[in-house]
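Structural overview for review
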Amino acid sequence: MTDSHNLSRRDFVKTAGTAAVGAAVLSDSSISVAAPAKRRYAIIGTGDRAVTMWGRPLVQNYPDLLEFVGLCDINPKRVEVARQMLGVSCPTFTDFDKMLDQAKPDLLMVTTVDGFHSNYIARGLDRGLDVMTEKPMVIDEKQCQAVLDAEKRNKKNIVVTFNYRYAPKHQKIKEVLLSGAIGKVVSVDFSWYLDVYHGADYFRRWHRLKSKGGSLWVHKATHHFDLINWWLDADPVEVSARAGLEIYGSNGKFRAPNCRTCPHTSECRFFYDMKKNDIRMQLYAKCEDADGYFRDGCVYREDCDIYDTMGAVVKYSNGTQMSYSLNAFMPFEGYRLAFNGELGRLEIRDYERQPWEVEKQSEIYLTKSFGQREKIEVPEIAAGHGGGDGRIRDLIFKKTDVPVYMRLPDSRAGALSCLTGIAARKSVELNRPVRISELVSLPPKT
Ligand SMILES: NC(=O)c1ccc[n+]([C@@H]2O[C@H](COP(=O)([O-])OP(=O)(O)OC[C@H]3O[C@@H](n4cnc5c(N)ncnc54)[C@H](O)[C@@H]3O)[C@@H](O)[C@H]2O)c1
């Protein structure tokens, strides 16, 4: 391994785990005049997210910074299709240890089904790698402790790729709150709407099982809870929640294993014709005989044990309280959010998809108490996750300068966002409020 290689590894850790502002994870040309060594990059879990977010854009945008050295998935067919989609020539594997032994990566991206993240994060850290993981970092408190312990024993910090923070509109909200315009935030109203397309899609796949995705309290809401923790600069303390499964799963009057084999397509309002999507046919249908994973699974399968209707009250370390709801069967997609402050209210209405025309995708208003309402302008970005996907990739792989509050999210952020959802899930199951301190012993805030 070259010196520049070692330097870039240290920079990765520094950027992820401390108040470092940049993302000098790959090289530092001010230190070495020689061409920086490319990071030896590997991916575990080669589904859609790996291909479209952590694969193809990296091949296209950072060819001088990264070398793909290995791809691994439990499905031997999918990993090969993914390799072809990326257009890389590295070997593919179905055995993770074999990939690490033979491909010798130094940077690992974890994009498997959620319930397996923690295992690969810990094994990657134990092998001395720099590790990045997709959200949610973990799906239960045991996994959470395992990741924190693995970091501690290896003296390394992971990056949890919370892309939502990097949408310009979300950065703007952070900046308005930091400016003190509404004073101390007393309470938050947050409602997230998943529509009959996107919401239903979670019930077609592994996400419908708590054992795989921790329920939408964790799989989906981890994004929202991370945003709130970051916006408020506070930790969740206690969660009380209620939830139900009202539309999908056993609520259906008929069912089949998946849409392509279903005799009820004409009467099912959730029928999804995957044959129209060539990429999904290649990546999933063509590979399903290897693992039985249907990308167009029936939303009414009776084994579904997650919720489609969720409401929670969360108390934070700074005294703020939030009322939060997540519904997965809405006629439109987006969210409503308001910060109620001592000096005013910051309100956001975000439209992602709806059966009517809107002028702007996001409307943000700041209203001062005893004062006027002001419209806050933000750039509209059509790219992935409101522009967050591209910005977090640049932050990780290029040497981009950002303010301290835009630093890369670490395991503490990964843990606290998941733990809010885990506490909510437990609160529903136990029918009582759940304190975060019951779940995991967390490192102090830095
Ligand atoms: N940040 C975001 O906005 C965002 C968006 C989409 C997905 N994601 C996350 O990305 C990850 C992947 O999601 P996806 O939509 O690509 O799912 P997917 O089902 O399409 O892909 C997951 C892949 O993991 C593989 N896999 C399953 N179990 C495995 C195991 N034990 N070991 C190795 N591989 C295994 C599957 O075969 C599959 O190829 C998830 O954690 C998801 O939460 C994040």
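Not every one of the 21 residues close to the ligand is listed here, only the nearest: Gly45, Gly47, Arg49, Thr112 and Glu134. Residue classes in the shell around the ligand are distributed as five nonpolar, nine polar and seven charged.

With that settled, the discussion passes to the sheet that holds strand 6 (residues 159-160). Taking strand neighbours across the sheet as the criterion, the six strands line up as 3-2-1-4-5-6 in an open arrangement whose pairing is parallel. What marks the edges here is a single partner per strand, and that holds for strand 3 (92-93) and strand 6. Judged from the four bridges that link them, strand 1 (residues 39-44) and strand 4 (residues 107-110) form a sheet pairing that is parallel. Paired with Ala42 across the two strands is Leu108, which belongs to strand 4.

Reading across the sheet, the nine strands line up as 14-13-12-11-7-10-9-8-15 and stay open at both edges, with mixed pairing between neighbours. A single partner strand is all that each edge strand has here, and the edge strands are strand 14 (373-376) and strand 15 (434-435). Note that strand 7 (residues 185-195) and strand 11 (residues 333-341) share eight bridges and pair antiparallel. Paired with Phe190 across the two strands is Leu337, which belongs to strand 11.

What follows covers the packing of helix 8 (residues 168-178) against helix 12 (residues 221-232). It is the contact of helix 8 with helix 12, at a shortest axis distance of 9 Å, that shows an interaxial angle of 30°. What the angle tells us is that helix 8 and helix 12 run roughly parallel. Contacts from His170, Ile173, Lys174 and Leu177 in helix 8 reach Leu227, Trp230 and Trp231 in helix 12. Of the residues assigned to the contact of helix 8 with helix 12, the class counts are five nonpolar, one polar and one charged.

The subject of this paragraph is the domain arrangement of the chain. Often the size quoted for an interface is simply the accessible area lost on bringing the parts together. According to the domain assignment, the chain contains domain 1 (3-163) and domain 2 (249-291). Listed per partner, the contact involves ten residues of domain 1 and six residues of domain 2. For the side of domain 1 that touches domain 2, the secondary-structure elements that each account for two or more residues are helix 2 (48-52) and helix 4 (76-86). Here the element with the most residues in the side of domain 1 that touches domain 2 is helix 4; it accounts for five residues. Taken together, the residues of the side of domain 1 that touches domain 2 sort by class into five nonpolar, two polar and three charged.

With respect to the element layout, Val404 can be found in the loop between helix 15 (388-397) and helix 16 (411-430). For the pair Val404 and Tyr248, spaced 156 residues apart in the sequence, the C-alpha separation amounts to 42 Å.

Turning to the nonpolar core, a few remarks are in order. Nonpolar side chains tend to gather and get buried jointly when the protein is soluble and globular. Core analysis: the biggest nonpolar cluster contains 115 residues, and Ile121, Leu216 and Leu419 have the highest contact counts within it. Sorting elements by how many residues they give to this core places helix 16 first, with nine residues. Of the residues that make up this core, three or more belong to each of domain 1 (3-163) and domain 2 (249-291). Dropping the residues within four chain positions of it, Leu419 is found in contact with Glu141, Cys144, Pro236, Ile436, Leu439 and Val440.

In an α-helix, one full turn covers 3.6 residues, which means residues spaced three or four apart are oriented alike. Compared with an ideal rise of 1.5 Å per residue, which puts 14 residues at 20 Å, helix 7 (residues 141-154) spans 20 Å between its outermost C-alpha atoms and is within 8% of the ideal. Along helix 7, the residues that are buried comprise Gln143, Cys144, Val147, Leu148, Ala150 and Glu151. All buried residues of helix 7 project into a common sector of 155° when viewed along the axis, lining one side. Of the exposed residues in helix 7, the ones pointing more than 90 degrees away from its buried face are Lys142, Lys152 and Arg153. Each element contacted by the buried residues of helix 7 is listed here: helix 6 (117-126) and helix 16.

Confidence in the prediction of the chain, expressed as mean pLDDT, is 91, and 92% of residues score 70 or more. Low confidence marks residues 1-33, where pLDDT is under 50. Its contacts with residues over four positions away, or in another chain, come to 70 contacts.

Cut-off values and rules
Residues numbered from 1 in each chain as written. Predicted model: local features only at pLDDT ≥ 70, side-chain atom pairs only at ≥ 80, totals over all residues. Near = placed C-beta within 6 Å. Nonpolar A, V, L, I, M, F, W, Y, C, P; charged D, E, K, R; others polar. Pairing = 2+ DSSP bridges. Helix = DSSP H or I, 4+ residues; strand = E, 2+ residues; numbered from the N terminus. Axes fitted to C-alpha atoms, helices over the stretch in contact; angles between N-to-C directions. Parallel < 35°, antiparallel > 145°, perpendicular 65-115°, else oblique. Contact = placed C-beta atoms within 7 Å. Domains from an automatic or database assignment. Core = buried A, V, L, I, M, F, W, Y, C linked by C-beta atoms within 7 Å. Buried ≥ 20, exposed ≤ 12 C-beta atoms within 10 Å, placed from the backbone. Expected span 1.5 Å × (residues − 1). Arc of directions from axis to C-beta. pLDDT = per-residue confidence, 0-100.

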